[in-house]
Each structure stands twice: as C-alpha cells, then as structure tokens.
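Commentary on secondary and tertiary structure
Each chain, letter by letter, is given below.
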Amino acid sequence: EKISDLNIKFFESAKMSLLDPLGLYLANDVKWIELNGKWNSLKFPVAIGGKGQPIILLHGFDSSFLEFRRIYQSLKRNFQVIIPDLLGFGFSPRSATNEYNPSKIISYLIDILETLKITNNLKIIGASMGGSTALKLSFEIPNAVNKIILLSPAGLFGEPKNIPFPLNQVGASFLGLPQVRRSLCRQAFAYPDKCVGEMEEQIASIHLGCKGWRDSLASFAKSGGFAGTQKYIQNIPIKTLCGENDRILGKKEIKNLKKIEKLNFIGL
C-alpha cells in the first residue's frame, strides 16, 4: 500500500504539471485498480472512459498510457476504452522484489480484463512494443478477442536478447539522460522539427520520476523483452499500420512485416 500511495501521489503531481491539454484530459480518467491477491494489494493506473464494446490500448517500450492522448477522445465516443500502463512501465507501482518480464505483463493484463469483467468482443490496439504484447495477449485469450490493430509493431522477429547485470542497469541509466530522452522522442515522429515541442518531450519523460523506474526497466532488459511474437498470430482479423519511412522500425523490419499476409499491412 505504501508503494501505491507514493505512486498515486507522484502521479497526481505529474498530472497537474501536464502541458498538453489532451494529456490532462486522458489523465483525468485514470482509475487506480486493485487486482487479485497475487499483486500484493498494489493499485495500478488504468485510464477508462466511454461506453460500448471494449477496446484496450497497449503502449510501447518505456512509455505510458499518455501515448494515446490524441486518439482517446475520438475512441471513447463509440467504445469502452481501457488504457493501462503496462506492468513495470509508465506510472505503475514497482516493487523492488519483483521481476518484470513479458509473461508477467501478459498475466497482469489478463487480470485487469478479469477484474473489469471483459470476456468477449475485445479489440486491441498495440503500438510499437505494444504490438508484440497484443499478439501474445490474443494468443492467451483468443476467445475474448475479435479484432487487432498494430501500429508500427516492434518485436515480431528475432529472439529475446537478455542483457545481463550490470549492463542492464547501465542501459537503463543511459535511457534516463535528458538528451537521450529528447532524441528518442524526436525519432518517434516523421517530422520532428514540425511536430515535437515541449509538450511532446514532457509526455515522453514524465513517468521517469516514478519510484523504481530504473530498476524495473533494467529487470525487463535482463529478461530479454518481447521478441519473435509473430508466432502468436491467430485467426483473428489484424490490420497493421506503419509509416513507410518509420524511423524506429527501419526499412528492413517493415519489409519483413509486409511478407506476413495475416498482418494486412497498410503503409502510410
């Protein structure tokens, strides 16, 4: 409970500092949800809004629910929108004794859906690493999922690459450097000079103040993260959207995505 209280206090402070009104609008719909007993009575942030069939949005690596601020209002007009922070990321509480890895992230998402009593007609939108998360989640609960949209999905190919201690800690510290954060933020946009400003840079880094941010990121890196998730593709309708010149995935990755017929690739 103490960990949750610290996180909630930090989140409320961070929320009031948000420069982007769309970010503040989304943050105001965050509920702190207590899951079943295996999560040590921790409370987890999940943005929930709208009515209709459920749609869950899964953010990318070292990001937060705020990643979806620009589409949230539109989606909540027609759907029950659910945007969790993935376990060990965003504003989620971190326990020093926990390991953070793909299997725990999937278990956590399944428990969120069970807590919210969502058992069918679920739609998933996964961005970047959230795309791999979406495929693995749909593999585990195929009867609950009816459609998937992947936005520049990362981690569909290759094998997990475990980063051992202390390199995992060094890498996490490096990702916390302000100049690195700014560079990564700019790389996520096709036209950074036009589209990236103080608001975007704040959104990309605001969750770094959460207690345990570096250790949870290092733990995830040590696990190897999501990789090779194309093997989890089921007979569930998928649309995959990518910028033809995506600056994160790269041309080789996009070429591989186009080869998988079931992904129904759309280049933008």
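This text goes with the structure placed above it.
This is a predicted model, so every value here is computed, not measured.

1. Considering the overall build of the protein
For the protein, the count of helices and strands is 11 helices and 8 strands. Taking 2.2 N^0.38 as the reference for a compact globule, 268 residues should give roughly 18 Å; the C-alpha atoms of the protein span a radius of gyration of 17 Å, in line with that estimate. Principal-axis analysis of the C-alpha atoms gives the protein an extent of 50 × 40 × 40 Å. Here the protein, with 268 residues, has 51% of them falling under the buried criterion. At a minimum sequence separation of 6, the contacts of the protein that also span at least 24 residues come to 75%. When the accessible surface of the protein is summed, it comes to about 13100 Å², and 54% of that surface belongs to carbon and sulfur atoms. Both charge centroids of the protein, one from 34 positive and one from 23 negative side chains, sit 3 Å from each other.

2. Structural notes on the packing of aromatic side chains
Scanning the model with the defined rule gives 14 aromatic pairs in all. On the numbers, 5.6 Å between centres and 70 degrees between planes, the contact of phenylalanine 11 with tryptophan 32 is edge-to-face. With a gap of 21 residues between them, phenylalanine 11 in helix 1 (residues 2-17) and tryptophan 32 in strand 1 (residues 30-34) connect regions that are remote in the sequence. Of the residues examined, phenylalanine 11 reaches a relative accessible area of 2% and is grouped as buried. Summarising the aromatic geometry, the rings of phenylalanine 61 and phenylalanine 89 are spaced 5.9 Å apart at their centres and angled 70 degrees between planes, so their arrangement reads as edge-to-face. Taken together, the positions of phenylalanine 61 in the loop between strand 3 (53-58) and helix 3 (69-76) and phenylalanine 89 in the loop between strand 4 (79-84) and helix 4 (102-115) put the pair 28 residues apart, joining distant regions of the chain. Ring pairs connect the aromatic residues Phe10, Phe11, Trp32, Phe65 and Phe91, which therefore count as one cluster. The ring centre of tyrosine 232 lies 5.0 Å from the NZ or CZ of lysine 136, which sits over that ring.

3. Things to note about unusual backbone geometry
Residue proline 166 is reached from phenylalanine 165 by a cis peptide bond, and omega for that bond is 5 degrees. The phi dihedral of serine 41 falls on the positive side, at around 60 degrees, and the residue is not glycine. Within the secondary structure, serine 41 is located in the loop between strand 1 and strand 2 (43-49). One non-glycine residue, aspartate 62, adopts positive backbone phi at about 50 degrees. Among the structural elements, aspartate 62 can be located in the loop between strand 3 and helix 3.

4. Regarding the pattern of salt bridges
According to the stated counting rule, one finds 9 salt bridges in the structure shown. Note that arginine 69 is salt-bridged to aspartate 20, the shortest N-O span being 2.9 Å. Here arginine 69 is found in helix 3, whereas its partner aspartate 20 is found in the loop between helix 1 and helix 2 (21-27), with 49 residues between them in sequence. Aspartate 20 carries the same exposure label as arginine 69, and that label is buried.

5. Details of the sheet that holds strand 2
Think of a sheet as strands paired side by side through backbone hydrogen bonds, with each pair either parallel or antiparallel. Pairing is mixed in the open sheet, where 8 strands are placed in the order 1-2-4-3-5-6-7-8. Either end of the sheet is taken by a strand with one partner, and the two such strands are strand 1 and strand 8 (265-267). Between one strand axis and the next, the sheet turns through 25 degrees on average, direction left out of account. Sheet topology places strand 3 next to strand 5 (residues 122-127); 4 bridges connect them, and they run parallel. Bridge pairing in strand 5 links leucine 58 to glycine 126. Contacts from helix 3 reach strand 2, strand 3, strand 4 and strand 5 within the one sheet, and its direction differs from that of strand 4 by about 150 degrees.

6. Concerning the environment of alanine 127
Mapped onto the elements, alanine 127 comes out in strand 5. With sequence-adjacent residues up to four places away left out, alanine 127 is seen in contact with Leu58, His59, Gly60, Glu67, Phe68 and Leu151.

7. Thoughts on helix 1
Here helix 1 contains 16 residues, and its C-alpha end-to-end distance of 23 Å stays within 8% of the 22 Å for a straight helix at 1.5 Å per residue. Contact partners of the buried residues in helix 1: helix 2, strand 1 and strand 2.

8. Focus on the side chain of serine 63
Positionally, serine 63 belongs in the loop between strand 3 and helix 3. Judged by relative accessible area, serine 63 falls into the buried class, the value being 15%. The residues touching serine 63, leaving out its near neighbours within four places in the chain, are Phe89, Gly90 and His207.

Here is what the cut-offs are and how they apply
Residues numbered from 1 in each chain as written. Predicted model: local features only at pLDDT ≥ 70, side-chain atom pairs only at ≥ 80, totals over all residues. Heavy atoms only, no water. Helix = DSSP H or I, 4+ residues; strand = E, 2+ residues; numbered from the N terminus. Rg over C-alpha atoms; globule rule 2.2 N^0.38 Å. Buried < 20%, exposed > 50% of the residue type's maximum accessible area, 1.4 Å probe, protein only. Contact = heavy atoms within 4.5 Å. Areas by Shrake-Rupley, 256 points an atom, 1.4 Å probe, with all protein chains shown as cover. Lys, Arg positive; Asp, Glu negative; His and termini not counted. Charge placed at Lys NZ, Arg CZ, Asp CG, Glu CD. Phe/Tyr/Trp six-rings, centres within 6.5 Å; stacked < 30°, edge-to-face > 60°. Lys NZ or Arg CZ within 6 Å of the ring centre and 35° of its normal. Salt bridge = Lys/Arg side-chain N within 4 Å of Asp/Glu carboxyl O. Pairing = 2+ DSSP bridges. Axes fitted to C-alpha atoms, helices over the stretch in contact; angles between N-to-C directions. Expected span 1.5 Å × (residues − 1).

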